[in-house]
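If you want the building blocks of each chain, they are given just below.
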Amino acid sequence: MGKGDKDTQSSFEMTWDSTSSSGYCSQEESDPELELFYTARTSFFPRRSPGRLQDEKPEKQPQALSKAETEQKIKDYNSQIKSNLFMSLNKDGSYTGFIKVQLKLIRPVSVPASKKPSCLQDRKGSGKSQPVKRRTSFYLPKDASKHLHLSSRTPASEVIQALLRKFTVLDNPRKFALFERTEQDGQVGLRKLTDEEEPLKLRLLSGPCDKKLSFVLKENETGEVNWDAFSMPELHNFLRILQREEEEHVRQIVQRYTRCRQQMQEALASRTPG
């Protein structure tokens, strides 16, 4: 792995963790209009944070370090890690190193569909027909994690873009956000990083302990829905998904009460009068 005076733009490298080696669950859309495959409940409505999750904290301003202080911090950091994921100081005062990013995505992501011709095209044997532009939806493995090699000058927005490029994800990077996760005294806090914040600097200042600080890629939940930003096919798709979810919810409620009624009837039948 190269170190030293690497250019920021070429400093991204990725290694796979064993947690991300599992296969993907894919579903190819049969309707070319259904370009995005969401679940309406998690896409539209803001979710309440768990009881142990602290409210989002205001943006942190990392303390400015001199070159000597940075060099000492890097030495202390490298002495604490038990792997070869070291940080390296550059001549210009910047430094390179690794951050680990957990992917906690609820929705599937869109990637280019296979370029293999469809069965219909194979049967017809026509080379003149235009291929249908489709996307394939992938559920990324739960709690997959990635190590990114980057510069101290790499902003959070570029970290998100780098992750999406590695997976050839077609979704807009603005749909995702990088979060800082902290844990202290049994309390877990999540804070969304701004586009300009530099994750590697946060990593160095916090130290290598993942419990003290870690990074998570999640959907960018704003709590509000800008319906005008969606196309007509997407809106129709959301309505169909909402209807299916409503029907499934009703079915589960009816089933629950039917089962409860049967149990009570069986209990009554087993008792002798008097």
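What counts and what doesn't
Residues numbered from 1 in each chain as written. Predicted model: local features only at pLDDT ≥ 70, side-chain atom pairs only at ≥ 80, totals over all residues. Heavy atoms only, no water. Helix = DSSP H or I, 4+ residues; strand = E, 2+ residues; numbered from the N terminus. Expected span 1.5 Å × (residues − 1). Buried < 20%, exposed > 50% of the residue type's maximum accessible area, 1.4 Å probe, protein only. Arc of directions from axis to C-beta. Contact = heavy atoms within 4.5 Å. Phe/Tyr/Trp six-rings, centres within 6.5 Å; stacked < 30°, edge-to-face > 60°. Lys NZ or Arg CZ within 6 Å of the ring centre and 35° of its normal. pLDDT = per-residue confidence, 0-100. Salt bridge = Lys/Arg side-chain N within 4 Å of Asp/Glu carboxyl O.

By the naming in an unreviewed UniProt entry, the chain goes by Ras association domain family member 1 and is assigned to Hymenochirus boettgeri.

Novice: Just checking my understanding: could you explain helix α2 (residues 67-80) for this structure?
Specialist: Helical periodicity: at 3.6 residues per turn, an α-helix aligns residues three or four positions apart in one direction. Between its terminal C-alpha atoms α2 stretches 20 Å, which fits the 20 Å expected from 14 residues at 1.5 Å a residue. The complete set of buried residues in α2 reads Thr 70, Ile 74, Tyr 77 and Asn 78. Buried residues in α2, looked at end-on, bunch into an arc of 95°, giving them a common side. More than 90 degrees from the buried face of α2, the exposed residues found are Ala 68, Lys 75 and Ser 79. Those residues of α2 that are buried lie in contact with β4 (88-89), β5 (95-103) and α5 (199-206).

Novice: Would you explain the packing of aromatic side chains in this entry?
Specialist: Counted according to the given criterion, the structure contains zero aromatic pairs. We note Lys 218 situated over the ring of Phe 179; from NZ or CZ to the ring centre the distance is 5.5 Å.

Novice: Just checking my understanding: could you explain unusual backbone geometry for this structure?
Specialist: Negative phi is the rule for most residues except glycine; trans is the rule for most peptide bonds. Its identity as a non-glycine residue notwithstanding, Asp 185 has a phi of 55°, on the positive side. For Asp 185, the location among the structural elements is in the loop between β9 (176-184) and β10 (187-192). Overall, Asp 185 belongs to the exposed group, its relative accessible area being 73%.

Novice: Please explain the confidence of the model for the chain as it appears in this structure.
Specialist: The predicted coordinates should not be examined in detail at positions where pLDDT is low. Here the chain shows a mean pLDDT of 75. Residues at 70 or above account for 67%. Ignoring residues within four places in sequence, the model shows residues 115-124, a span with pLDDT below 50, making five contacts including any to other chains.

Novice: Would you take a moment to explain the pattern of salt bridges for this structure?
Specialist: Oppositely charged side chains are able to pair whenever their charged atoms sit close together. Tallied over the full model, the rule gives eight salt bridges. Residue Asp 92 is joined to Arg 153 by a salt bridge in which the shortest nitrogen-to-oxygen separation is 3.2 Å. One end of the pair, Asp 92, is in the loop between β4 and β5; the other, Arg 153, is in the loop between β8 (144-151) and α4 (156-166), with 61 residues separating them in the sequence. Overall, the relative accessible area of 48% leaves Asp 92 in the partly exposed class. Three or more residues are tied together by salt bridges with common partners; here these are Glu 180, Arg 191 and Glu 197.

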